[in-house]
Amino acid sequence: MYTQALNTLDPQAAAEDSVLEARFQARIDAEEKIEPNDWMPAAYRRTLVRQISQHAHSEIIGMQPEGNWITRAPSLRRKAALLAKVQDEGGHGMYLYAAAETLGVSREELVEQLLSGKAKYSSIFNYPTLNWADIGAIGWLVDGAAIMNQIPLCRCSYGPYARAMIRVCKEESFHQRQGYELMLTLCRGTPEQKAMAQDALNRWWWPSLMMFGPSDTESVHSGQTMVWKIKRFSNDELRQKFIDATVPQGHFLGLTFPDPDLAFNETTGHWEHGEIDWSEFARVVAGDGPCNRQRLAAKRKAEADGAWVREAALAHADKRRQRQAAAWRVAAE
Amino acid sequence: MTEKKMPLWEVFIRSRNGLAHQHCGSIHAPDAEMALIAARDVYTRRGEGLSIWVVPSAAIVASDPADKDMLFEPTASKVYRHPTFYEIPDEVGHM
Ligand SMILES: [Fe+2]
Ligand SMILES: [Fe+2]
Ligand SMILES: [Fe+2]
């Protein structure tokens, strides 16, 4: 997921070659996949680069809040699961960067956009993980929301993105299940443990709903990405699916949701929720969430600390190539 | 960024005995040896593979999508290349 706030359309879209564009749209309408070397409108390419790279950045930054708890996991079983999950998120970032690169951007450019703050990532990862129950809440809610958003992306019109999403979705299911199981264990534990689970739900519920991005009434730009079949459902549709799936799961845990307006509508069959605090969302997206600075600083440090390793590895590869070439020259003489 | 670019490699994985290697994505690595290690970490965390190939992306030569009709369309009319084109009486049995 983490594709929120990305539905902004390029104003240059209008002036494209109309014949090529009509042919392109006909292929999309016929559910054909667009592949890297195929002709595509410049705005389609830009939109995809932005969406896929922001998704990749989210996976990478998303390793931080959970990575924070690896050394403090309460058992070897939980530690192994959390390690595997965080490693998966790194893998998701790699699949997605690779998919973005097929559109003609380099990995170095993409990473630079993240480090400079030019590129966004999902607002959810700017919230802190304060106690162990947060690890359960993240798996259950954050990965749950991500799955809701990512499943339709498996049918995205751009082939490399769709294929990356299929791999990601196969792995996400474990993430959500381990999180829910963790919550269930806490809820069946001591009253203090159950209170921890409730506290985590209270803090993660609203930010999880914000993961789907602005309400449809605000998100004026999602139209074109729907026509291009990058996006298949609106933000509000996906959010509603998530709420309908998640509320009964929370009740099974014996927890309550921090929303006094949450109510089941018998006629529509949907759970209706209270007003989302969009000013908080805007604040976090703009860089003023609880952990924005900390997340970027940690990523910049990791990048800088690793620079000498990358340099040395490249120099070593160069040296070996030169030696090899020299050996061949000698053999040829 | 002043850093030198890390070479790109295409990754192919044979998932089971008897199957061909299949393209599954790409990774960055300074050399072939590290490309294999990275491919293993990124693409085979759940027993997805028995064998990995890595190929420098720059070494791949691809057909041009614009030539698609010229290259592949001519076979569309060659129905006689398929077994169902030939009528065999039922009495002959399965062939
Ligand atoms: Fe994701
Ligand atoms: Fe992920
Ligand atoms: Fe995940």
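Along each chain, numbering runs from 1 in the same order as the chain's sequence is written. Chain A is the first chain written and ligand 1 is the first ligand written, with later ones labelled in order. Where totals are concerned, whole chains, interfaces and linings use all residues; where local detail is concerned, this predicted model gives features only for residues with pLDDT of at least 70, and gives and counts side-chain atom pairs only at 80 or more. The side-chain numbers reported here are obtained from all heavy atoms of the structure, hydrogens and water having been left aside.

Identification of chain B as Phenylacetate-CoA oxygenase from Prosthecodimorpha hirschii is taken from an unreviewed UniProt entry.

Identification of chain A as Phenylacetate-CoA oxygenase from Prosthecodimorpha hirschii is taken from an unreviewed UniProt entry.

**Student:** Which parts of the structure should I look at to understand the overall build of chain B?
**Tutor:** Secondary structure assignment for chain B yields two helices and three strands. In sequence order, chain B lays out its α and β elements as β-β-α-β-α. The size measure is the radius of gyration over C-alpha atoms, and the globule rule it meets is 2.2 Å times the number of residues to the 0.38 power. For chain B, whose C-alpha radius of gyration is 21 Å, the value lies well above the compact-globule estimate of 12 Å for 95 residues. Overall size of chain B, expressed as C-alpha extent along the three principal axes, is 70 × 35 × 15 Å. We call a residue buried when its accessible area falls under 20% of the maximum for its residue type, exposed when it is over 50%, and partly exposed in between, using a 1.4 Å probe and counting protein chains only. Per-residue burial for chain B yields a buried fraction of 24% across its 95 residues. Whether two residues are in contact is decided by their heavy atoms: any pair within 4.5 Å suffices. When contacts within chain B are restricted to residue pairs at least 6 apart in sequence, long-range pairs at least 24 apart make up 43% of them. The charge count treats Lys and Arg as positive and Asp and Glu as negative. His and the chain ends do not count. Lysine's charge is taken at NZ, arginine's at CZ, aspartate's at CG and glutamate's at CD. Chain B carries 10 positive and 13 negative side-chain charges, and their two centres are separated by 8 Å. The way it works is that DSSP assigns letters per residue, a run of H or I at least four long becomes a helix, a run of E at least two long becomes a strand, and they are numbered from the N terminus.

**Student:** How should the overall build of chain A be read in this particular structure?
**Tutor:** Across its full length, chain A holds twelve helices and two strands. When the helices and strands of chain A are listed from N to C terminus, the series reads α-α-α-α-α-α-α-α-α-α-β-β-α-α. When the backbone C-alpha atoms are referred to their principal axes, chain A occupies close to 80 × 55 × 35 Å. Within chain A, the proportion of its 333 residues that are buried is 53%. Here the contacts in chain A between residues at least 6 apart in sequence split such that 79% fall between residues at least 24 apart. Accessible area for chain A stands at about 15000 Å²; split by element, carbon and sulfur atoms hold 58% of it. Taking the average place of the 39 positive charges on the side chains of chain A and the average place of its 42 negative ones, the gap between the two points comes to 7 Å. Methods summary: accessible areas were calculated by the Shrake-Rupley approach with a probe of 1.4 Å, and residue burial reflects only the protein chains presented.

**Student:** Honestly, the packing of aromatic side chains in this entry has me stumped. Any pointers?
**Tutor:** The description of two aromatic rings rests on the distance between their centres and on the angle between their planes. Residue and element names in this part refer to chain A. Each pair of aromatic rings taken from Phe, Tyr and Trp, with Trp reduced to its six-membered ring, is defined by centres within 6.5 Å and is described as stacked if the planes are under 30 degrees apart, edge-to-face if over 60, and tilted in the remaining cases. For the coordinates displayed, the defined rule picks out 16 aromatic pairs over all chains. Relative to tyrosine 44, the ring of phenylalanine 24 lies with its centre 4.9 Å away and its plane at 75°, an arrangement referred to as edge-to-face. In this pair, phenylalanine 24 sits in helix α1 (residues 18–29) while tyrosine 44 sits in helix α2 (residues 42–61), placing the two residues 20 residues apart along the sequence. Each member of the pair, phenylalanine 24 together with tyrosine 44, is buried. Aromatic ring contacts, followed pair by pair, group Trp140, Tyr180, Trp205, Phe212, Phe242 and Phe257 into a single cluster. Should the NZ of a Lys or the CZ of an Arg lie within 6 Å of a ring centre and within 35 degrees of the ring normal, that charge is described as sitting over the ring. The aromatic ring of tryptophan 69 is capped on one face by arginine 72, whose charged end is 4.1 Å from the ring centroid. When the ring centre of tyrosine 95 is taken as reference, the NZ or CZ atom of arginine 167 above it lies at 5.0 Å.

**Student:** When you look at the packing of helix α4 (residues 76–101) of chain A against helix α7 (residues 159–187) of chain A in this model, what are you seeing that I'm missing?
**Tutor:** Residues and elements named next belong to chain A. The axes used here are C-alpha line fits, helices contributing only the stretch in contact, and every angle between their N-to-C directions lies in the interval 0 to 180 degrees. For the pair α4 and α7, the least separation of the axes is 10 Å and the interaxial angle reads 160°. In terms of their interaxial angle, α4 and α7 are classed as roughly antiparallel. In terms of crossing hand, the pair formed by α4 and α7 is left-handed. Gly is put with the polar residues, along with every residue not named as nonpolar or charged; the nonpolar set is Ala, Val, Leu, Ile, Met, Phe, Trp, Tyr, Cys and Pro, and the charged set is Asp, Glu, Lys and Arg. The residue inventory of the contact of α4 with α7, partitioned by class, reads twelve nonpolar, four polar and nine charged. Oblique is the label for any angle not under 35 degrees, not over 145, and not in the 65 to 115 range, which are roughly parallel, roughly antiparallel and roughly perpendicular in turn. Take the far helix as the reference: if the near one is turned anticlockwise from it by less than a right angle, the crossing is left-handed, and if turned clockwise, right-handed.

**Student:** I keep staring at the coordination of the iron ion (ligand 1) and nothing clicks. Help me out?
**Tutor:** Ideal geometry at a metal gives 109.5 degrees between four tetrahedral donors and either 90 or 180 degrees between six octahedral ones. All names here are of chain A. Here a donor is an N, O or S atom found within 2.8 Å of the metal, or within 3.2 Å if the metal is Na, K or Ca; sites may look incomplete because water is not among the atoms. The protein atoms donating to the iron ion (ligand 1) are Glu59 (OE) and Gln150 (OE1), with metal-donor distances spanning 1.9 to 2.1 Å. Between the iron ion (ligand 1) and the iron ion (ligand 2) the interatomic distance comes to 3.4 Å, and glutamate 59 is a ligand of both metals. With a gap of 91 residues between them, glutamate 59 in helix α2 and glutamine 150 in helix α6 (residues 133–153) connect regions that are remote in the sequence. Comparing glutamate 59 with glutamine 150, the two get one shared label, buried.

**Student:** Looking at this structure, how should I read the sheet that holds strand β3 (residues 51–56) of chain B?
**Tutor:** Where strands meet in a sheet, backbone hydrogen bonds hold them as pairs that are either parallel or antiparallel. Residue and element names in this part refer to chain B. One bridge is not enough; two strands pair if DSSP finds at least two bridges between them. Taken in spatial order, the three strands line up as β2-β1-β3 in an open sheet, and their pairing is antiparallel. Each edge of the open sheet is held by one strand with a lone partner, namely β2 (22–28) and β3. Across this sheet, the average inter-strand angle for adjacent strands is 30°, counted without regard to direction. Alignment of strand β1 (residues 8–14) against β3, held across six bridges, turns out to be antiparallel. By the bridge assignment for β3, tryptophan 9 is matched with proline 56. Against the sheet, helix α1 (residues 32–43) makes contact with β1, β2 and β3, and its axis sits at roughly 115° relative to β2, the strand it touches most.

**Student:** Looking at this structure, I do not really get the nonpolar core. What am I missing?
**Tutor:** What tends to happen in soluble globular proteins is that the nonpolar side chains get buried as a cluster. Residue and element names in this part refer to chain A. Definition of nonpolar core: a set of buried residues of the types Ala, Val, Leu, Ile, Met, Phe, Trp, Tyr and Cys, connected through side-chain atoms within 4.5 Å. The biggest cluster of nonpolar side chains holds 91 residues, and the ones touching the most others in it are Tyr44, Ile52, Tyr158, Tyr161, Trp204 and Trp205. A total of twelve residues in this core trace back to one element, the largest contributor, which is α7. Apart from the residues lying within four places of it in its own chain, the contact partners of isoleucine 52 are Leu96, Ala99, Ala100, Leu103, Tyr158 and Tyr161.

**Student:** Explanation requested: the coordination of the iron ion (ligand 3) in the structure shown.
**Tutor:** All names here are of chain A. Protein-derived ligands of the iron ion (ligand 3) are Glu89 (OE), Asp143 (OD), Glu172 (OE) and His175 (ND1), with the metal-ligand distances lying across 2.0 to 2.2 Å. All donor residues of the iron ion (ligand 3) come from one chain, and their arrangement in sequence is E-x53-D-x28-E-x2-H. Among the residues examined, aspartate 143 registers a relative accessible area of 1% and is labelled buried.

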